[in-house]
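Listed here are the chains, written in short residue letters.
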Amino acid sequence: MTLTQDTLLGKSVDELTTWVKQKGQPAYRGKQLHQWLYQKGARSLTEISVFPKAWREELKDYPIGRSLINHCTIAPDKTRKYLLGLGDNLIIETVGIPTSKRLTVCVSSQVGCPMNCDFCATGKGGYDRNLTCAEIVDQVLTVQGDFQQRVSHVVFMGMGEPLLNTKEVIKAVKILNQDVGIGQRSLTISTVGVPKKILELAHHKLQVTFAVSLHAPNQQLREQLIPSAKYYPLPKLLSDCRKYVEITGRRVTFEYILLGGVNDLPEQAIQLAKCLKGFQSHVNLIPYNPIEEADYQRPDAESINVFKSILEGQKVAVSVRHSRGLEANAACGQLRTMSGVE
């Protein structure tokens, strides 16, 4: 299912100028509309005070493309998780992650997720459809408006597999960069791996950070954790990642969720290091965030440190990401579609 209703959000200044001219307005209204959409975060055309009052009234029901905040949960670390209602009454989740120096938005690219990773709450809830470019950009504007602070970074790590929605994700990247004003190097696209799509993305030569959710150092364990991995063997995935580096000149980040007693053993760290030998890459270790639907355990601090030390000893660039928003079920792997208040 896809949305067919046209919205103003997601259009460039040239497209907006064409639209206002079609409505009988002077061309300069296009730049005004662009500013109010992307910089002021207007949620309806009636808010745009520089427009003639009669025209605003005439267009009061025209869809801008903004979602409704159904609910917001705030964690002790100030991370906010939003349940956003879309035009067809489906619900997605978006997370705003503030620090002293930046505001990051974790955006969804699909309603639900078809990948069904065993440790992730999103896949347990099924899949409905891809999001449009406008619905992706709206998430960033919603967080920016709610925090009353400019968003500095965006990560495509929310609900869904971005490379199953490549066309709209790439459009959203360009809008976020050119229209909202966020540098491409402050944007991250994350994937568990979709055959042929990594090289397709590479040929766009975006300056974004590209992250691959690896989570296992061998094919057998990866298939256990990520069912879709059976269609994309680890050697082929890594080969495509090396080609991505060659084409773009940018390194690949490998996300690796540490599951206690499952993929965090010293011998598995050695296996992982062998997979990535000579690779222009960085490994981001993420201690598992528990969900009700799966029985995995978060590793202890010693296991995390040992795993990290082994990778460092093998000359693999590595860091540990300590998730934000854990208490609000807003951390990595915890997002799920819910229509009610949690």
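Here goes a summary of the coordinates provided. (Residues numbered from 1 in each chain as written. Predicted model: local features only at pLDDT ≥ 70, side-chain atom pairs only at ≥ 80, totals over all residues. Heavy atoms only, no water.)

Glancing now at the overall build of the protein chain. The helix and strand tally for the protein chain stands at 11 helices and 12 strands. In summary, the protein chain has a C-alpha radius of gyration of 21 Å against a globular reference of 20 Å for 342 residues, a match within 12%. For the protein chain, the spread of C-alpha atoms along the principal axes amounts to about 70 × 45 × 40 Å. The buried share of the protein chain, reckoned over its 342 residues, is 55%. (Helix = DSSP H or I, 4+ residues; strand = E, 2+ residues; numbered from the N terminus. Rg over C-alpha atoms; globule rule 2.2 N^0.38 Å. Buried < 20%, exposed > 50% of the residue type's maximum accessible area, 1.4 Å probe, protein only.)

Looking now at helix 6 (residues 166-180). Taking 1.5 Å of rise per residue, the 15 residues of helix 6 would be expected to cover 21 Å, and the 20 Å separating its terminal C-alpha atoms lies within 8% of that figure. Inspection of helix 6 places Thr166, Glu168, Val169, Ile170, Ala172, Val173, Ile175, Leu176, Asp179 and Val180 among the buried residues, and these make up the whole buried set. Of the surrounding elements, those touching the buried residues of helix 6 are helix 1 (13-22), helix 2 (28-38), helix 5 (133-147), strand 7 (153-156), strand 8 (187-191) and helix 7 (197-202). Among the residues trailing helix 6, Gly181 stands out with phi positive, at a value near 95°. (Expected span 1.5 Å × (residues − 1). Contact = heavy atoms within 4.5 Å.)

Moving on, we get to the packing of helix 1 against helix 2. Interaxial distance between helix 1 and helix 2 falls to 8 Å at its minimum, and their mutual angle equals 125°. If you check the angle between helix 1 and helix 2, you find them oblique. Along this stretch, helix 1 crosses helix 2, giving a crossing that reads as right-handed. Taken together, the residues of helix 2 that come into contact with helix 1 (itself represented by Val13, Leu16, Thr17, Trp19 and Val20) are Arg29, Gly30, Lys31, Leu33, His34, Leu37 and Tyr38. Split into classes, the residues belonging to the contact of helix 1 with helix 2 amount to seven nonpolar, three polar and two charged. (Axes fitted to C-alpha atoms, helices over the stretch in contact; angles between N-to-C directions. Parallel < 35°, antiparallel > 145°, perpendicular 65-115°, else oblique. Left-handed = near helix turned anticlockwise from the far one by under 90°. Nonpolar A, V, L, I, M, F, W, Y, C, P; charged D, E, K, R; others polar.)

Phi is mostly negative for residues that are not glycine, and the peptide bonds are mostly trans. A positive phi angle, near 75°, is found at Lys196, a position not held by glycine. Within the secondary structure, Lys196 sits in the loop between strand 8 and helix 7. The phi torsion at Lys315 lies on the positive side, around 65°, for a residue other than glycine. Here Lys315 lies in the loop between helix 11 (301-313) and strand 12 (318-320).

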